[in-house]
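Here's the letter readout for the chains.
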Amino acid sequence: MLRRYREILGEPHIARLLVTAMVGRLPQGMSSLAILLLLTPGVGYGKAGLATGLSVATSGASNVLVARAVDRLGARAVLVPAATGYAALTVVLALVARHSYPASLLVCALLGVTAPPVSSVARGMWPRLLGDERSQVVYGLEATAQELVFIVGPAGVALVAGTAGSRVALLMSGGLCLLGVLGFVSSPAFAGFERPQLSAGRHVPLWRTRVMAFTAIGTCLTMGFGMTEIATVAFVSGRHATAAAGVVLAIWSGGSLVGGLVFGAGAAQVTDRGLGVSLVLAGAGIAVSAAAPGKIALAVILFVGAMGVAPALARVYTRLGAIAPSGTRTEAFGWLSVGFQVGSSLGAALGGLCVEGLGARAAFLIAGAAALLSVLAVPVRRAPSPAPTPG
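Residue numbers run consecutively from 1 along every chain, following the written order of its sequence. pLDDT decides what is reported in this predicted model: residues at 70 or higher carry local features, side-chain atom pairs at 80 or more are listed and counted, and totals for whole chains, interfaces and linings draw on all residues regardless. Side-chain metrics rest on all non-hydrogen atoms present in the structure, leaving aside hydrogens and water.

(A) Local environment of unusual backbone geometry. A positive phi angle, close to 80 degrees, is found at His13, a residue other than glycine. Here His13 lies in the loop between helix H1 (3-9) and helix H2 (14-25). Secondary structure elements follow DSSP: runs of H or I no shorter than four residues count as helices, runs of E no shorter than two count as strands, and numbering proceeds from the N terminus.

Below, the structure is given as structure tokens:
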């Protein structure tokens, strides 16, 4: 099982790129909680949540434009200024947070704009470094790393905020972003990549391509995941969230970690049909959770069902990397990131409404249905018509 990982990680630059990219994207799992902890004592949860949401919204709105700039100007020319600006803005926010809420809102909006799209750049590089077939191993690790970001990130913020204060936790987020990006773009792997493949005058409008289908897939999937998170908290804790819900959610992420590692070690070629099957399994794994008789059973069902989550995401990455037009891979993955953010936001909102109106079990069923909707966006190629027979 580990042979393929040793082989791929032994390739020049791959291990370094994976590690530094993960460090550079840790703020994705840190910044929201860090901002919330910093602002809540002064303005309350409502206004602090608004500031956090504004940062996420501006990040999603700017992601495609920043990713497109990477394709045109090169990764170093875009990521380094963005990461520097992000780190500087965390310092500014730490200084103004307790004095001016409007200024804090402005800085949070700018934080989202300057968030460097490290994951989009990394995902766009793997097919160019390894080829389409071997890149699926790294995409399995990518999906696993994404789970780690949202486990390690919040845990790190909570630990640092509890021992050194929320300001230090926020500054740590900015410092890790800058450190990860500098380590990422200083890799020799970028030497042959820094000249853009596509000039501004020849830009391919991605909304006319199959990239938008994969964006829709990502939106439906993460909408299901967002609803599942809310449904899990409600099922385990009732109306008041408890630590037990966090444990069950961590178990859910653990199942996805295992699934991603197993997927990356496999050798099967990723096809659109295989992607469709994987999406069905991910959605069904969520829906079955509605039948859980209790908390422990729910944790077991979520763990087993989540073993299809990272493989589904990895297949999305693999197919998108293979079909994205030349010179637009970073932008293509930027669109996918926007789909993820939209889906997560919708999922959180709809999950809350479903839990309040229908209960947690119904929310699991609807979450599974939302994830299953992603199958409708899988591109289907028609078989060629048979040649007419003579006479």
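Don't stop here, the text continues.
(B) Local environment of the environment of Ala77. In this structure, Ala77 sits in helix H4 (residues 75-96). Exposure remark for Ala77: the relative accessible area of 45% places this residue in the partly exposed category. Sequence separation between Ala77 and Val185 is 108 residues, and the spatial gap between their C-alpha atoms is 9.5 Å. Using a 1.4 Å probe on the protein chains alone, a residue whose accessible area is under 20% of its type maximum counts as buried, one over 50% counts as exposed, and one in between counts as partly exposed.

(C) Main features of the packing of aromatic side chains. For Phe, Tyr and Trp, where Trp contributes only its six-membered ring, two rings pair if their centres lie within 6.5 Å, and the inter-plane angle classes them as stacked under 30 degrees, edge-to-face over 60, or tilted in between. Summed over the entire model, instances satisfying the criterion amount to 6 aromatic pairs. Considering the side-chain rings of Tyr139 and Tyr317, the 5.9 Å spacing of their centres and the 50 degrees angle between planes classify their relative orientation as tilted. In this pair, Tyr139 is assigned in helix H7 (residues 132-164) and Tyr317 in helix H13 (residues 309-323), connecting sequence segments 178 residues apart. Tyr317 carries the same exposure label as Tyr139, and that label is buried. Judged by centre distance (6.3 Å) and plane angle (80 degrees), the ring pair of Phe225 and Trp252 falls under edge-to-face. Here Trp252 lies in helix H10 (residues 243-265) and Phe225 lies in helix H9 (residues 211-237), a separation of 27 residues in the sequence. Each member of the pair, Phe225 together with Trp252, is buried.

(D) Broad picture of a nonpolar patch on the surface. A cluster of nonpolar side chains, Val247, Ile251, Val258, Val262, Ile296, Val300, Phe303, Val304 and Met307, forms an exposed patch at the surface whose accessible area comes to about 750 Å². Of all the secondary structure elements, the ones that give two or more residues to the nonpolar patch are H10 and helix H12 (295-306). Take Ile251: its relative accessible area is 31%, and that puts it in the partly exposed class. Candidate patch residues must exceed 30% relative accessible area and have no salt bridge, after which like charges are joined if within 9 Å and Val, Leu, Ile, Met, Phe, Trp or Tyr side chains if within 5 Å. Under the convention used here, a 1.4 Å probe and the Shrake-Rupley method define accessible areas, while residue burial counts only the protein chains that appear. Just to be clear on terms, a salt bridge is a Lys or Arg side-chain nitrogen sitting within 4 Å of an Asp or Glu carboxyl oxygen.

(E) Main features of H7. Working rule for helices: expected span equals 1.5 Å times residues minus one. Here H7 spans 45 Å end to end across 33 residues, near enough to the 48 Å set by a 1.5 Å rise per residue. Fitting axes to the seven residues that end at a residue and to the seven that start at it, the angle between those axes gives the bend at that residue. Where H7 bends most, the angle comes to about 25 degrees, and this point is Val138. The first or second residue beyond H7 is Gly165, which carries a positive phi of 110 degrees.

Just geometry here; none of it tells us what the structure is for.
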